[in-house]
Every structure is written in C-alpha cells, then in structure tokens.
Amino acid sequence: MTTARRTVVFNVTVAFVAAHLIIVLLHELAHVEAGLVLGYHNVLFPFGVTHHPEPTGAHAVIAGLAGPAFSLVTGFAALALTPFRGGFARLIWLWFAFLSVMEGIGYLVLTPFGIGDTGAAAVALELPPAVSWVCFAAGVLGVVWLARHFASVALRHTDGELESLRCFTFYPWIFGTIIALALTSANLLLANETFATGDVFGVLMAAFALGVFSPMAMPFTTAARRRAPEIVGSVPLSLPRVPLTGIVITVVIIALNLSVLSRGLPLG
C-alpha cells in the first residue's frame, strides 16, 4: 500500500470513529430530551439512556423512538446539504450523514427481536409479529439503499481502482469498527448499572453494524460506474497526513465517555 493510500485509510478511519462517537452521543441526548419533556429522571450513558421510573405505554414509545427519529432527520438533512467540497471536513460530514441514517434504519432490523429502540417500542405497542417483520424488511432494504448510495460517494472521491475503493470503504470500516467495539465494551464494563442481556447484545450489535453499509457498497460500484462514469474521481480529496481535528474530537468524546458518562450522568 502506497503512502498516499495509507493517508486515505488513516483519515477515513479517524473520520469514521469521530463521526461514530458524535452521532451516538447526539442520539442518546435525543432520548434524554424526550425523557425530560415527559417528566422522567434520566441517566445518560455513552451507549444508552435509562428513564426512572420505567416509561410505559405511549411514554415508552415516545422515549424509545426519539433517538432513531432524530438520527434519521439529521442524517437525511446532512445528506442533502454536504457543504464541504473536499478535505477532512467533507469526510467527517459524509460519515456523520451516512452513520446517522444508518442509526435510524438499523434499529428497524432489530424490531422483531424486541431489543433496541424500535423493538422496545413494538413491545410497548403490542404490535403483531407481522408488523415487526415488515419493519425488519424495511430496515434491510434501507441498508441496501444506503450501500448503493455510498458506492457513488466512494467512486466520487477515489480513482475507482479496486485498492483505492478498499482504502475508502473496507479498511476504515474494519479498523473503525474494532475501535468502536473496544470502546463500547469498555463503557459497558464501567457502567454502574446492570443491563439485560438483550440490551447489551443490542448495544454491541449496533456498534458492529453501524458502518456495515460501507463494505457493502463495494459490489454496487460497478453499476454506479456504468450509470455515471463521469463521477469517478470527480471530487478529489486533499487530506492532511495527521487529521488533528478528528483526533481531538475523538479524544475529547472518549475522555467524556470513560470518565463521566460510562458511570451514568443523572439528568432531570
């Protein structure tokens, strides 16, 4: 791997991890906001929020769906705007947009299993299994759509060669997901509350799957190139050797999570 490609992998990985930390924090803060509006005492963790007393009925649905709804709205808004032409700022914006949408869509896949935000909402609403499986199908189709869309993004920012595409989509996802899983596991171990096995599984599964659309985009690049060959390399990236902005964002949020939020921050 050339030095230039290593630089791409490093920058894209840092942007992935930084955006991952940002969108998860904002997602959980949306849950806190819903809890505050509904009048509950809330405890914020890096991977979730507990409401006290436990919401039931309509309150459980509102509190549960606040996070995915917020992620979807902000994600699609970010996809529509894309204000940065090139450089590291564009990378972090792109990851923020795609990961936010994935944060909302991904929960639909967990609905039939009664875990995650949408799963808890489905239980509270006593939805028929058929409806939950419709949500599952919608989530799967949404992930495929996101991967197809990300294929065009990867072509736009690379020369279209296989190794270049891997440096943009596959390697950063591998490294970034390993880091995300390690950080999530550390936060879970430091938590001062006991969480159900299903909740722990859902948290770890979300950390693993949040960027899965990125490697999934690889098979779709052929069709995307055929549809619009002019997009290949149309937005070249000018990247620093060391993305200091992304590293600072990452370190600050990790420090906040490990030192404060991992033990639970009471709010409201």
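In this text the structure is predicted, and so the values were computed from the model without any measurement. (Residues numbered from 1 in each chain as written. Predicted model: local features only at pLDDT ≥ 70, side-chain atom pairs only at ≥ 80, totals over all residues. Heavy atoms only, no water.)

Residues and numbers for the packing of aromatic side chains, please.
Throughout the structure, instances matching the rule amount to 15 aromatic pairs. Taking the centre distance of 5.8 Å and the plane angle of 80° together, the rings of Phe113 and Trp133 count as edge-to-face. Of the two residues, Phe113 is situated in the loop between α3 (88-110) and α4 (116-125) and Trp133 in helix α5 (residues 129-156); the sequence distance between them amounts to 20 residues. Relative accessible area serves as the criterion here: at 49%, Phe113 is assigned to the partly exposed category. With centroids separated by 5.2 Å and ring planes inclined at 70°, the aromatic side chains of Trp133 and Phe136 adopt a geometry described as edge-to-face. With Trp133 and Phe136 both in helix α5 and 3 residues apart, this pair spans about one turn of that helix. For Trp133, a relative accessible area of 45% gives the class partly exposed. Linked through ring pairs, Phe16, Trp95, Phe98, Phe150, Phe168 and Phe213 together constitute an aromatic cluster. (Phe/Tyr/Trp six-rings, centres within 6.5 Å; stacked < 30°, edge-to-face > 60°. Helix = DSSP H or I, 4+ residues; strand = E, 2+ residues; numbered from the N terminus. Buried < 20%, exposed > 50% of the residue type's maximum accessible area, 1.4 Å probe, protein only.)

Requested: an account of the layout of surface pockets, with residues and values cited.
Space inside the largest pocket adds up to approximately 1,000 Å³. Of the residues assigned to the lining of the largest pocket, the class counts are 23 nonpolar, 14 polar and 6 charged. The volume enclosed by the second largest pocket comes to roughly 320 Å³. Forming the boundary of the second largest pocket are 19 residues, of which Met102, Gly106, Val109, Met205 and Ala209 lie nearest the centre. Elements represented by at least two residues in the lining of the second largest pocket include exactly α3, α5 and α7 (197-209). A breakdown of the residues in the lining of the second largest pocket according to their chemical character gives 16 nonpolar, 2 polar and 1 charged. (1 Å grid on protein atoms, 1.4 Å probe; cavity = no way out; pocket = protein on both sides within 12 Å on 5 of 7 lines; lining within 4 Å. Points joined across faces, edges and corners; volume = space filled by probe spheres on them. Nonpolar A, V, L, I, M, F, W, Y, C, P; charged D, E, K, R; others polar.)

Please provide a residue-by-residue account of the environment of Val12, values included.
By the element assignment, Val12 lies in helix α1 (residues 3-38). With 247 residues separating them in the primary sequence, Val12 and Ser259 have C-alpha atoms 26 Å apart. Non-local contacts of Val12, meaning those with residues more than four positions away in its chain, are made with Leu91, Trp95, Phe168 and Pro172. (Contact = heavy atoms within 4.5 Å.)

Describe the packing of α1 against α3, and please don't skip the residues or the numbers.
At a minimum axis distance of 8 Å, the contact between α1 and α3 shows a crossing angle of 45°. One way to sum up the angle between α1 and α3 is to call them oblique. Crossing hand, α1 versus α3: right-handed. Together, Asn11, Val12, Val14, Ala15, Phe16, Ala18, Ala19, His20, Ile22, Ile23, Leu26 and His27 of α1 and Phe88, Leu91, Ile92, Trp95, Phe96, Leu99, Ser100, Glu103 and Tyr107 of α3 make up the contact between the two elements. Grouping the amino acids of the contact of α1 with α3 by side-chain chemistry returns 16 nonpolar, 4 polar and 1 charged. (Axes fitted to C-alpha atoms, helices over the stretch in contact; angles between N-to-C directions. Parallel < 35°, antiparallel > 145°, perpendicular 65-115°, else oblique. Left-handed = near helix turned anticlockwise from the far one by under 90°.)

Can you lay out α1 for me, pointing to particular residues and giving the numbers?
Residues lying three or four places apart along an α-helix face the same way, a consequence of the helix completing one turn every 3.6 residues. Between the first and last C-alpha of α1 there are 53 Å, a value that for 36 residues agrees with the 52 Å anticipated at 1.5 Å per step. Just past α1, the residue Gly39 takes up positive phi, approximately 90°. (Expected span 1.5 Å × (residues − 1).)

Before we move on, could you go through the packing of helix α6 (residues 162-190) against helix α10 (residues 244-259) and cite the residues and values that matter?
Direction vectors running N to C along α6 and α10 enclose 25°, while the axes themselves pass 9 Å from each other. Overall, the two elements α6 and α10 adopt an arrangement that is roughly parallel. Contacts from Leu183, Ala186, Asn187 and Leu190 in α6 reach Ile254, Asn257 and Leu258 in α10. Counted by class, the contact of α6 with α10 contains 5 nonpolar, 2 polar and no charged residues.

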